[in-house]
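Topology and contacts: notes
These are the residues of each chain, in order.
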Amino acid sequence: MNHRSFRWLLNMYPPYLGAGVRVRRVSEDYRDIVVEMPLTFWNRNYVGTHFGGSLYAMVDPFYMLMLIKNLGPDYIVWDKAASIEFVKPGRGTVRAHFHLDEEILQEIRQKVAERGKYLPTFTVEVVDASEQVVARIEKVLYIRKKTP
């Protein structure tokens, strides 16, 4: 699947449609993704700010999907754990930018080759329109080679 179709399918994903999550950019190599979410009736909490579950949902699958696309079919990639730190109330449109570089991919391949599996941690920040951090999410992924 090409990056445009991938982006379109993610934007049609029912939980994202309901929460207003929009995947704005997917690079051709699946190493850069930008996701946004405006504050709407459907993702607003009791006090009028972004619902924490929606903030987490907007970032949940991306590092796993990016690694699956970049490591290829010989690797198994799963989400293992996650934590979220709410830094300040989210108002207006919030955004998250995911990035993988070649050094990270090489490190993963090396650690999997040495250890059989690897559990890297990735951090992504959700920021508001003024680039202030609203939430910080850590994702731990489980990666290993498929057995023949």
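As a reminder, the structure under discussion sits directly above these lines.
Quick look at the structure, then. Just so we're clear, the structure is a prediction, and the values are computed from it rather than from any experiment.

1. Comments concerning the overall build of the chain
Helices and strands together make up the secondary structure of the chain, namely 5 helices and 7 strands. Projected onto its principal axes, the C-alpha positions of the chain cover 50 × 30 × 25 Å. Residues counted as buried form 41% of the 148 residues belonging to the chain. Of the roughly 8300 Å² of accessible surface on the chain, 54% is carried by carbon and sulfur atoms. For the chain, the distance from the average position of its 21 positive side-chain charges to the average position of its 17 negative side-chain charges is 6 Å.

2. Structural notes on the nonpolar core
In terms of nonpolar packing, the biggest core is built from 39 residues, with I33, M58, L67, F98, V126 and I143 touching the most fellow members. Top element by residues in this core is helix α4 (residues 62–71). It accounts for 7 residues.

3. Considering the pairing of strand β1 (residues 22–26)
Here β1 runs beside strand β2 (residues 32–37); their pairing, made up of 4 bridges, is antiparallel. Looking across to β2, one finds that V26 is bridged to I33. Taken together, β1 and the strand that follows it, β2, pair antiparallel across an intervening segment of 5 residues, in which Y30 is found at a positive phi of about 60°.

About the criteria used
- Residues numbered from 1 in each chain as written.
- Predicted model: local features only at pLDDT ≥ 70, side-chain atom pairs only at ≥ 80, totals over all residues.
- Heavy atoms only, no water.
- Helix = DSSP H or I, 4+ residues; strand = E, 2+ residues; numbered from the N terminus.
- Buried < 20%, exposed > 50% of the residue type's maximum accessible area, 1.4 Å probe, protein only.
- Areas by Shrake-Rupley, 256 points an atom, 1.4 Å probe, with all protein chains shown as cover.
- Lys, Arg positive; Asp, Glu negative; His and termini not counted.
- Charge placed at Lys NZ, Arg CZ, Asp CG, Glu CD.
- Core = buried A, V, L, I, M, F, W, Y, C linked by side-chain atoms within 4.5 Å.
- Pairing = 2+ DSSP bridges.

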